Amino acid sequence: MLLRKITLEEFGAYRGKQSLNLTPKKNKPIILIGGLNGCGKTTLLDAIQLALYGNRARCSGRGTKSYETYLRESINRKADPTRGSAITLEFTVMIGGHEHYYRVVRSWHISGKTLKEFLNVYVDETYGARAKTQRNVTPDGKFNRLLSEGWADHVESLLPLEIASLAFFDGEKIESLADPERAASVIESAVHSLLGVSTVQQLRNDLLALQRRQKLSDEEQHLLDNIRTQEAEREAVLSQYDIAHQELAQSRTELGKAQRKLETLEKAFADEGGDLFTRRIELENDKKQTVARLSQVRGELTQLAAGPLPLLMVTPLMDDLRRQARKEQEAQQSAQVLQVLEARDQWLLDLVPDTVRADVIKQLDADRAERAHKTQLPVNLRLPHDALAQLTVLEELLQRDQERSEQLLRSAAELAEQLDQLDRQLAGVPAQDKVEALQVARDEQIVEVARRQAACDRAVAKLEDLKRRREHVTTLLERAHKEFVRTKVKAEEVERIIKYSEKARDTLERFGSALLKRHISRLEVAVLQSFKLLMRKQGLVHDLRIDTDKFTLTLADDDGEAIDPARLSAGERQLLAVSLLWGLMRVAGNRLPSVIDTPLGRLDSRHREHLVDRYFPNASDQVLLLSTDEEIDEYLLGRLKKSVAHTYTLVHDDTEFTTAVVEGYWWNAGAQHAG
């Protein structure tokens, strides 16, 4: 396919009718289109895809907008919305050895509150013959209604949407292809579509269809209609699944970057004493509470000291007092007994006979004398009669206060130790100005990681839901196929078709596996050669391998050790992605146009020279470069000039917010528009 011409009418920033001749020249495949940021380079790339794929186009400016909203907003703000916008894309394709000229016109306008879209396709089936006799022929072509109505299917046979992402890409976003999962998805899609492996699978599917293709009864027709409906549903689910898989890979990549940045911030925060700074208020509150508790304990000790507790210091005196109280109590009891005994003795003497009276009197006198001796104390403090009871109560109080005081003293010691430890920790808290910026950055990154994790979780849930839907639809489809086949195996011819078709399908499966391995082997060599041609560090990557099952890409150094793509710089990852696309194109031998937006954004001067000298002139038979003045500058333009067929400059009017296309590039015919 070669793009010949594109015409924009009131599309985006492009005011009026703007046309660009995109036809390359002999040995000059490059069409160089310059524009400052915001001038409409990406809009031009979107226009090519929108003309070809309509609602399915992966336009950068669409985002999550509905297709109708995107078309409404794409009408130039100065234009009449009732007249609307239009994109005309002209290109040639070799089909069956003949070159055919296509003109695709996609237009839309607003009628009342409704947006109406039209697609007209014109084809000149004799273009190839006329082009040989007439130079620079641009045929009018004939309107083809059937082709216009079935364009979505027909364009897939010319340039499948999945392959278009390899031909039309943003140089700044292409770095994501260096991610293993994203690269695997692209390699798998390209190998199957671009390198013809899918053709083998299509042949197997066609053979399967052949098994079921017979004259159908009403019941069989119903089964077939059901199969077609389920096949369409399955294709839709598979398409959504592929997109969700890519979104998940992108989410995981962004989550990984956010987590690595958070780890870096966490380490820097910890190195600066951030943990103590974070706990500063907590430590200060703990200190206040500890001081308050220590003061409370000491207050309780003071209250205990104001009571009987100090008497524990004179315990021997307390023992002496107890003994004295016991003696005085005994003396009082003896004195009381003596008074009673005098009356008793007199009563007894009156009762005893005179013969023993003298002996009884002697014994009674001795008893009274002994008791009278006990009433004689060397020291008499005249303690109260209940002194012993009071001393017993006092001892119980002292024992209780002693236990309480010991408990409070232990608590006071522990609190004092805690207070010392808190003082030491607070002394180690860094100054606020040292960690405040790190703390703010860390907190913001924590929120960012949580946001990325939530997005990743949603992507996983969506992928799992689509996986279940895919399995369910596949099961229903297989069941419908089996039911349909059972209705046809009654005939001997059907049995024969099934038998030999199965053999052929098995053969094709083995052939497909062998073809896949062959293409993968060639692709490994082509991508590695491309990467080494573009890289400044020639010895960085020694080997490159692509897994035939998962299509994952692995880099290795001179020692055979795997190289994590994350170790490569942003520029090196961009070169790896470019090498992957270049290698795919070289192996395919399918000369598709390459449209590259922002081709040199993240590259250093040496790598830029490598792309300008080695890649752009050889990437394809047609290369459209959408560049700023800082990417393809005057120096690089001189190196590239011999390969350039046409140059254009996109000139933006900042007062009208519109863009016009002028021939020439900066530092030549377009120099007056460089500002």
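Being a predicted model, the structure only gives us computed values, none of them experimental.

**Q** Now, about the overall build of the protein: what can you tell me, with residues and values included?
**A** If you tally the helices and strands in the protein, you get 19 helices and 15 strands. Counting the 675 residues in the protein, one finds 41% classified as buried. Across the protein, the fraction of contacts at a sequence separation of at least 24, relative to all contacts at a separation of at least 6, is 72%.

**Q** Tell me about the pattern of salt bridges, residues and numbers included.
**A** One pass over the structure, following the stated rule, counts 17 salt bridges. In this structure, the salt-bridge partner of glutamate 99 is arginine 4, at a minimum N-O distance of 3.2 Å. Taken together, the residues span a long stretch of sequence, with glutamate 99 in strand β5 (residues 98–111) and arginine 4 in strand β1 (residues 2–11) at a distance of 95 residues. Between arginine 452 and glutamate 254 there is a salt bridge, with its nearest N and O atoms 2.5 Å apart. Of this pair, arginine 452 sits in helix α15 (residues 432–488) while glutamate 254 sits in helix α9 (residues 218–271); the two residues are 198 residues apart in sequence, bridging distant segments of the chain. Glutamate 254 sits in the partly exposed class, given a relative accessible area of 26%. Three or more residues joined by partner-sharing salt bridges are found here, namely Glu254, Glu448, Arg451 and Arg452.

**Q** An account of the side chain of serine 405 is requested, with residue identities and associated values reported.
**A** Positionally, serine 405 belongs in helix α14 (residues 387–427). Every residue in contact with serine 405, bar those within four places of it in the chain, is listed here: Leu301, Leu304 and Leu309.

**Q** Go over the nonpolar core, please, and point to the residues and values.
**A** One broad rule of soluble globular proteins: the nonpolar side chains tend to lie buried together. Ile6, Phe91, Trp151, Tyr615, Phe616 and Ile632 are the most contacted members of the largest nonpolar core, which totals 105 residues. For this core, the element with the most residues is helix α17 (residues 570–588), which contributes 9 residues. With 11 residues, the next largest nonpolar core counts Tyr241, Leu248, Leu255 and Leu463 among its residues.

**Q** Got a sec to walk through the packing of aromatic side chains? Specific residues and values, please.
**A** Given two aromatic rings, their pairing is described by the distance between the two centres and the angle made by the two planes. A complete count under the given rule lists 7 aromatic pairs for this structure. With centroids separated by 5.0 Å and ring planes inclined at 65°, the aromatic side chains of tryptophan 582 and tyrosine 615 adopt a geometry described as edge-to-face. Taken together, the positions of tryptophan 582 in helix α17 and tyrosine 615 in helix α18 (residues 605–615) put the pair 33 residues apart, joining distant regions of the chain. An identical accessibility class is assigned to tryptophan 582 and tyrosine 615; each is buried.

**Q** Give a detailed account of the side chain of aspartate 597, specifying residues and quantitative values.
**A** Position of aspartate 597 relative to the elements: it lies in strand β12 (residues 594–597). One buried charged residue, aspartate 597, remains without a salt bridge, the closest side chain of opposite sign being lysine 41 at 5.2 Å. At 2.5 Å, the side chain of aspartate 597 and the side chain of threonine 42 are in polar contact.

**Q** Break down the environment of alanine 454 for me, citing the residues and quoting the values.
**A** With respect to the element layout, alanine 454 can be found in helix α15. Each C-alpha atom of the pair alanine 454 and leucine 255 lies 9.5 Å from the other, and the pair is 199 residues apart in sequence.

**Q** Describe the environment of alanine 51, and please don't skip the residues or the numbers.
**A** As for its placement among the helices and strands, alanine 51 is situated in helix α1 (residues 41–53). When the C-alpha positions of alanine 51 and isoleucine 87 are compared, they lie 6.2 Å apart, and in sequence the two are 36 residues distant.

**Q** So what about the sheet that holds strand β10 (residues 553–556)? Which residues, and what values?
**A** Strands sit in the order β9-β10-β11 across an open sheet of 3 strands; the sheet is antiparallel. Here the strands that pair on one side only, and so sit at the sheet edges, are β9 (543–546) and β11 (562–563). Examined bridge by bridge, β10 and β11 share 2 bridges and lie antiparallel to one another. Its bridge partner lying in β11, alanine 556 is registered against alanine 562.

**Q** Give me helix α2 (residues 67–74): which residues, what numbers.
**A** Among all positions in α2, only Tyr67, Tyr70, Leu71 and Ser74 are buried. Burial along α2 is one-sided: seen end-on, the buried residues are contained in an arc of 95°. Looking at the buried positions of α2, the neighbouring elements they touch are β1, α1, β4 (85–95), β5 and β6 (114–124).

**Q** Describe the pairing of β6, naming the residues involved and giving the relevant values.
**A** Note that β5 and β6 share 11 bridges and pair antiparallel. Paired with arginine 106 across the strands is leucine 119, a residue of β6. Here β5 folds back onto β6, and the loop between the two strands holds 2 residues, one of which, glycine 112, carries a positive phi near 70°. Alignment of β6 against strand β7 (residues 142–143), held across 2 bridges, turns out to be antiparallel. Residue pairing in the sheet places valine 123 in a bridge with lysine 142 of β7.

Rules used throughout
Residues numbered from 1 in each chain as written. Predicted model: local features only at pLDDT ≥ 70, side-chain atom pairs only at ≥ 80, totals over all residues. Heavy atoms only, no water. Helix = DSSP H or I, 4+ residues; strand = E, 2+ residues; numbered from the N terminus. Buried < 20%, exposed > 50% of the residue type's maximum accessible area, 1.4 Å probe, protein only. Contact = heavy atoms within 4.5 Å. Salt bridge = Lys/Arg side-chain N within 4 Å of Asp/Glu carboxyl O. Core = buried A, V, L, I, M, F, W, Y, C linked by side-chain atoms within 4.5 Å. Phe/Tyr/Trp six-rings, centres within 6.5 Å; stacked < 30°, edge-to-face > 60°. Lys, Arg positive; Asp, Glu negative; His and termini not counted. Polar contact = N/O pair within 3.5 Å; in protein donor to acceptor, adjacent residues only side chain to side chain. Pairing = 2+ DSSP bridges. Arc of directions from axis to C-beta.

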